[in-house]
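A look at the structure
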Amino acid sequence: MKKIEAIIKPFKLDEVKNALTKIGVQGMTVTEVKGFGRQKGHTEVYRGAEYKIDFLPKVKIELITSEEMVTQVIETIERAAKTGKIGDGKIFIFPVEEVIRIRTGERGRDAI
Amino acid sequence: MQFELGVTKNGLIHTKHRMAQTISTHSSPRDFLRQHSDMVDSLVRKAFQNAQSQVSSPSVCLMAVGGYGKAELAPYSDIDLLLLYSASKKEDLPPLVEKILYPLWDLGLDVSCSSRSINECLKMAQSDLHIKTGLIDGRYLDGEYEFFRNLYGLFTRKILHRKVRDFAGALTKDLHLRHQKYEDPNYALEPNIKEGEGGLRDFQMGRWIIRAKYKTDRWDSILFPDHSQSLEKSLQFLWAVRNQLHLLSGRRQDDLTFELQEKIAPTIGFAHGTEGIEEMMRQYHLATQRISNFVHDILERALYEPSLFKKALSFLQRKKIDENFGMAYGELYLLDPVTFKRDPPRLMTLFHHCQTYQIKMDFRTEEAVMESLPFIDDRFRTSGEVNETFFSILKKGERAAGLLRKMHELGFLSRYIPEFSEVEGKVHYDLYHVHPVDSHSILAVEELEKLRRGLYEKEYPLLTSLIRELENPGILFLTALLHDIGKGREGNHSLIGAEWVERIGTRMGLASEYKDPMVFLVSHHLSMIETAFRRNLQDEQVILHFAQKVKNLNQLKMLYLLTFADIKAVGPEAWTAWKNTLLMELFLKTAHFFERGAVAEPFLTGDEILQKLRESLSPEIISEYADRLPDRYLSCYSSAEIARHIDMARSIEKELLLVEWEIEKEIQAKVTVCTKDRYGLFSKMTGSMFLNRLNILQAQIHTWEDGTALDTFWVEDGTKDIERRLQQFKKDLKKIVSGEVPLRDLLFERIESNGIKQKIIPRVSGEVKINNQDSDFYTIVEIAGEDRLGILYEITQALTDHGCDIHFARISTLGNRIVDVFYVQDEWGEKIEEKQKTDRLKQILLNRLPPREGITLKDHS
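Residues numbered from 1 in each chain as written. Chains lettered and ligands numbered in written order. Predicted model: local features only at pLDDT ≥ 70, side-chain atom pairs only at ≥ 80, totals over all residues.

Digging into the overall build of chain B
Formally: Under the scheme used here, helices are H or I runs from DSSP no shorter than 4 residues and strands are E runs no shorter than 2 residues, and both carry numbers assigned from the N terminus. Here the C-beta atoms are placed from the backbone, and a residue counts as buried if at least 20 other C-beta atoms lie within 10 Å of its own, exposed if 12 or fewer do, and partly exposed otherwise. The contact criterion used is a C-beta to C-beta distance within 7 Å, with each C-beta placed from the backbone.
The secondary structure content of chain B amounts to 39 helices and 16 strands. Of all 861 residues assigned to chain B, the portion counted as buried reaches 41%. Long-range contacts, defined as pairs at least 24 residues apart, comprise 70% of the intrachain contacts of chain B with a sequence gap of at least 6.

Okay, structure coming up:
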């Protein structure tokens, strides 16, 4: 099992979610996050006053998937989240030791 | 043991359910409470009598206290007993209590019993608020009646009817503490029917005060009949819900959770599904709102109603404000109780005074307001004086939200703006919308007020300065109050709301300069949210369309402020720094568009574009392509040209590129090139033209959203050989674009073989400007300089070499001078802003402007 974490542009969320649902991903956690990488923040000027946008708004998607699905999930996110411009985001993959569904106590794949 | 009281645990549960069914709890839930209480009475008495026969005990009296004392017992409520004994023999009590309690516990009843002497009771009631309030509803059950009479007489005389103001003070404190626990927004969605705001406990408190102050148990006797009837209805409703809550969960469950809301709604006469739940919760909010108003009203009377002595004294301190109103003790009061009936517009004057003098009205004046609601008719609603006073309250913007809330509480607002009654208590069955629509709307006004007063100045300086710039904040406040008014009806609530606001505005006699923005704001109140959170704000097109929708800077400001208030009023967690950043970015970019005047001038609006496209394109094609065509492009070409371009775009799916031309006056031609955009394309085209000695007079290059490049050149060739040269240009361009031959090789080859030499012309000094202010999306490079064959190629090649992607260009030639404008981004799609980079770019371009020796072309003529 792997945990996949993707940081994407906010307006790409619907596309990525729909693409993932299509390939059979059942659930995911979505968080509003802020940060910066190569795409730095910027300062906007309005009527002479400066308004700093130093952390850029992004969306973080987290999901757990079986080993066989990993490649497909990653490719799907990559394709759906891409604009080709700076700030498209990153995908991280982590190994997962165990998953437990609290309600039933199911473990491993059954609990995903 | 189980049959000791002649019934089993399961038997008892069964009886409860049967009773609930036969009484049909929703029609008369109070009857159920009474019957249930009677049934428990007989069990408790039986247990008491059994116990007394089994153990020797002193003479005692058994009392029911608390809610059970009131003989209003919900299916799984606590059963509180009090065992009164005269004085001594305390040690004999525990065995008796055990004997009473055990069989009742075995039946699954939640019974607790305290045993006290009369003196202990009185003493404790003085110091402990809960013991005191428990005794108010105390009821004799069994045993020595004399004890009960004794205690009760002393309690009411010495405790209950004394220091009523202190009692009210203690209850107020208790109420606030209790509500604090339930302040969490989750409780607004899943309220606690007993302890929550406006819940059954609040009602009890009001009743206790009435018992203490007016010495009556008929709480309705001190209210207006209308008022007490609606209160009674609210109570019956809450009881009905609570009975079902208990019966369905099989325990004392007072949290009205989502799961239970869904189960209960159909059992008390609401439709199955979301609609029924929302309607039930609407009733719930209306009921708790009424109870909340009731308890606050009663507490206020007990706390602030002056004593007879003070009343006499206050006569001297009274101050008249005008012929109808006076002030005393920091409260506004009505001089003549029939004023409102005689002259209804004084109602609005009253609220205006409250704002002007920053005081509240006394409760009698509030009652007079409620009593005169029937006099608010269409004449009132269209009265110029009334409406002007209302606007001036809003315009002033101080305590306006508080006054609106008061107007709503008294039922005044829904009479004055009848459309508002449609959203009273209206809830959404979801996790996001914490408040019902009416409170949400008033909260939105409050948020704007806070913003204007500078409470958010540190966190949101931009929003704060924007609301202070507004000439008439009253219009924005009114819009915030009415923005969700369409939610009472089926369909798109923004559009319905806009229609209603139009109607309301007309009725109020608003000038169209105020009404029109209100209608716009209500119909578009979700537009900014949709654009900021779901669209690419790096895309100029997105901002442009948004700007066209919003129409002007003033409406943009108001929409941004309304959006802030709307989200903030949803619940404390709805407004996040994340949302703030995206909304601010959208606002600033759109504002820049308006400030540069770039919205209306060069581009057509969405409607104009559609109209233009319809001239020569079929609806199918329009719907297929409309989104791909940038406004900048659409504004440059006629519909016939666009139709032709779409045809070309369809063929390049098979072919690499298409070149078409029309020759004019033998020496000039308009050349159209269509291909898929790629890096450096423009310089490849200008290079190929240079190869063929085509002098570029003008050019327009555009890239569609789907990556189709459509470029038009106006070229000149003095030799009248233009057709052949264009043919050759097409061949060369194909070779270069396909990668068959690099442009560099072709250039080198031809220059060698032709040995071209440059004609001498007067020098024009070159100038390069790099502008990052005029667009949020592109760096604009403006180049002016001496014209010569191939100059455009050199410039565009330099731009490409320097990592600039050309998105749009306008090339023009004035005599021997060129004026070229390029809209460029770097390879990441960002503007080129670092000074180091722009300086270098400028230098490189300047270097290209004077004629160079490397590539010299001989003029053939």
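That covers the picture; the talk isn't over yet.
Some points on the overall build of chain A
Counting secondary structure elements, chain A contains 2 helices and 6 strands. The linear arrangement of helices and strands in chain A, starting from the amino end, is β-α-β-β-β-β-α-β. In chain A, buried positions account for 20% of the 112 residues. Within chain A, contacts between residues separated by at least 24 positions form 69% of all contacts whose residues are at least 6 apart in sequence.

Structural notes on the interface of chain A and chain B
Convention followed: Here the term charged refers only to Asp, Glu, Lys and Arg, the term nonpolar to Ala, Val, Leu, Ile, Met, Phe, Trp, Tyr, Cys and Pro, and the term polar to all other amino acids, Gly among them.
Residue-level contacts link 12 residues of chain A with 18 residues of chain B. Of the residues in the side of chain A that touches chain B, the class split is 7 nonpolar, no polar and 5 charged.

Some remarks on the nonpolar core
All names here are of chain B. Note the threshold: Each nonpolar core consists of buried Ala, Val, Leu, Ile, Met, Phe, Trp, Tyr and Cys residues. Their C-beta atoms, within 7 Å, join them into a set.
Counting 83 residues, the largest nonpolar core has V445, L448 and L561 as its most contacted members. When near neighbours in sequence (up to four residues on either side) are disregarded, L561 contacts L448, L463, L466, I467 and L476. Core analysis: the next-biggest nonpolar cluster, separate from the first, contains 78 residues, L141, M205, A212 and L223 among them.

Some remarks on the pairing of strand β4 (residues 49-53) of chain A
All names here are of chain A. Condition: Strand pairing is assigned whenever DSSP identifies at least 2 bridges connecting the two strands.
Little of β4 sits out of view: just 0 of its 5 residues are buried. Relative to β4, strand β3 (residues 42-46) is paired through 5 bridges, and the arrangement is antiparallel. Among the inter-strand pairings, H42 is bridged to a residue of β4, identified as I53. Connecting the antiparallel pair β3 and β4 is a turn made up of 2 residues, with R47 showing a positive phi of about 50°.

Describing helix α17 (residues 363-371) of chain B
Residue and element names in this part refer to chain B. This is how the line gets drawn: Think of it as the arc spanned by the lines of direction from the helix axis to the C-beta atoms.
Of all the residues in α17, the buried ones are T365, E366, A368 and V369. Axial view of α17: buried residues confined to an arc of 160°, hence all on one face. Looking at the buried positions of α17, the neighbouring elements they touch are β7 (331-334), α15 (339-342), α16 (346-356), β8 (360-361) and α21 (412-416).

Quick word on the sheet that holds strand β15 (residues 805-814) of chain B
All names here are of chain B. Here is the rule we go by: Axes, fitted as lines to C-alpha atoms, cover a helix only where it is in contact. Angles between the N-to-C directions of the axes lie from 0 to 180 degrees.
The 8 strands lie next to each other as β9-β10-β12-β11-β15-β16-β14-β13, forming an open sheet whose pairing is antiparallel. Sheet topology places β9 (657-664) and β13 (767-771) at the edges, where each strand pairs with a single neighbour. The sheet shows a mean angle of 15° between the axes of neighbouring strands, taken without regard to direction. With respect to the sheet, helix α35 (residues 681-691) is in contact with β10 (668-676), β11 (695-703), β12 (708-716) and β15, its orientation differing from that of β12 by roughly 25°. Sitting on the sheet, helix α39 (residues 835-848) touches β13 and β14 (779-786), and the angle it makes with β13 is about 155°.

Re the packing of helix α12 (residues 258-267) of chain B against helix α13 (residues 274-304) of chain B
All names here are of chain B. The line we're drawing: Put simply, angles under 35 degrees are roughly parallel, angles over 145 are roughly antiparallel, angles from 65 to 115 are roughly perpendicular, and the rest are oblique.
Taken N-terminus to C-terminus, the directions of α12 and α13 make an angle of 85°; their axes are 9 Å apart at the nearest point. Classified by the angle their axes make, α12 and α13 are roughly perpendicular. Between α12 and α13, the contacting residues are Q261, E262, A265 and P266 on the first element and G276, I277, M280 and M281 on the second. Per-class residue counts for the contact of α12 with α13 are 5 nonpolar, 2 polar and 1 charged.

Things to note about the sheet that holds strand β2 (residues 79-85) of chain B
Residues and elements named next belong to chain B. Spatially, the 4 strands line up as an open sheet ordered β3-β2-β1-β4, and their pairing is mixed. Each having just a single partner strand, β3 (111-117) and β4 (139-143) make up the two edges of the open sheet. Neighbour-to-neighbour, the strand axes of the sheet open up by a mean angle of 25°, direction not taken into account. Sheet analysis places strand β1 (residues 60-65) next to β2, joined by 6 bridges and oriented antiparallel. Across the sheet, M63 pairs through a bridge with L82, a residue of β2.

Re the environment of L448 of chain B
All names here are of chain B. As for its position among the elements, L448 is in helix α22 (residues 437-452). For L448 and I467, which are 19 residues apart along the polypeptide, the C-alpha to C-alpha distance reads 7.9 Å. Beyond its immediate chain neighbours, meaning those up to four positions away, L448 contacts I467, L476, F477, A480, L561 and A565.

Notes on the confidence of the model for chain B
Residue and element names in this part refer to chain B. As a reminder, the rule being used: The quantity known as pLDDT measures the predictor's confidence residue by residue, on a range of 0 to 100.
When pLDDT is averaged along chain B, the result is 84; 92% of the residues meet or exceed 70. In this model residues 852-861 is a low-confidence stretch, pLDDT under 50, and it forms 16 contacts with partners more than four residues away in sequence or in other chains. Here the prediction assigns the complex a pTM of 0.70, and the interface score ipTM is 0.82.

Topic: the environment of K90 of chain A
Mapping K90 of chain A onto the fold places it in strand β6 (residues 90-95). Sequence-wise, K90 of chain A and I77 of chain A are 13 residues apart; in three dimensions their C-alpha atoms are separated by 9.8 Å.

A few points about unusual backbone geometry
Of all residues except glycine, most have a negative phi; of all peptide bonds, most are trans. Residues and elements named next belong to chain B. Of note, the phi angle at A71 is positive, near 60°, even though the residue is not glycine. Its place among the elements puts A71 in the loop between α3 (66-69) and β2. On the neighbour-count criterion, A71 (18 C-beta atoms within 10 Å) is partly exposed. With a phi close to 75°, K551 is a non-glycine residue in the positive phi region. Structurally, the position occupied by K551 is in the loop between α28 (540-550) and α29 (553-568).

Structural notes on the packing of helix α5 (residues 118-127) of chain B against helix α7 (residues 145-160) of chain B
All names here are of chain B. To keep things clear, this is the line we draw: A clockwise turn of the near helix away from the far one marks a right-handed crossing, whereas an anticlockwise turn of less than a right angle marks a left-handed crossing.
Where α5 contacts α7, the axes come no closer than 10 Å and their chain directions differ by 25°. By the criterion of interaxial angle, the relationship of α5 to α7 is roughly parallel. When the axes of α5 and α7 are compared, the crossing they make is right-handed. Contacts from I118, C121, L122, A125 and Q126 of α5 reach α7 at F147, N150, L151, L154, F155, K158 and I159. Residue classes in the contact of α5 with α7 are distributed as 9 nonpolar, 2 polar and 1 charged.

Focus on helix α8 (residues 164-181) of chain B
Residues and elements named next belong to chain B. Applied cut-off: By definition here, a helix of n residues has an expected span of 1.5 Å times n minus one.
An ideal rise of 1.5 Å per residue puts 26 Å on 18 residues; α8 measures up with 26 Å between its terminal C-alpha atoms. For α8, every residue scored as buried is listed here: F167, A168 and L171. In a view along the axis of α8, the buried residues occupy a sector of 95°, so they form one face of it. Projecting away from the buried face of α8 at angles above 90 degrees are the exposed residues D166, K173, H176, L177 and Q180. On its buried face, α8 sits against α10 (200-214) and α13.

A closer look at the environment of A20 of chain B
Within the secondary structure, A20 of chain B sits in helix α1 (residues 9-23). A20 of chain B sits in the buried class, given 21 other C-beta atoms within 10 Å.

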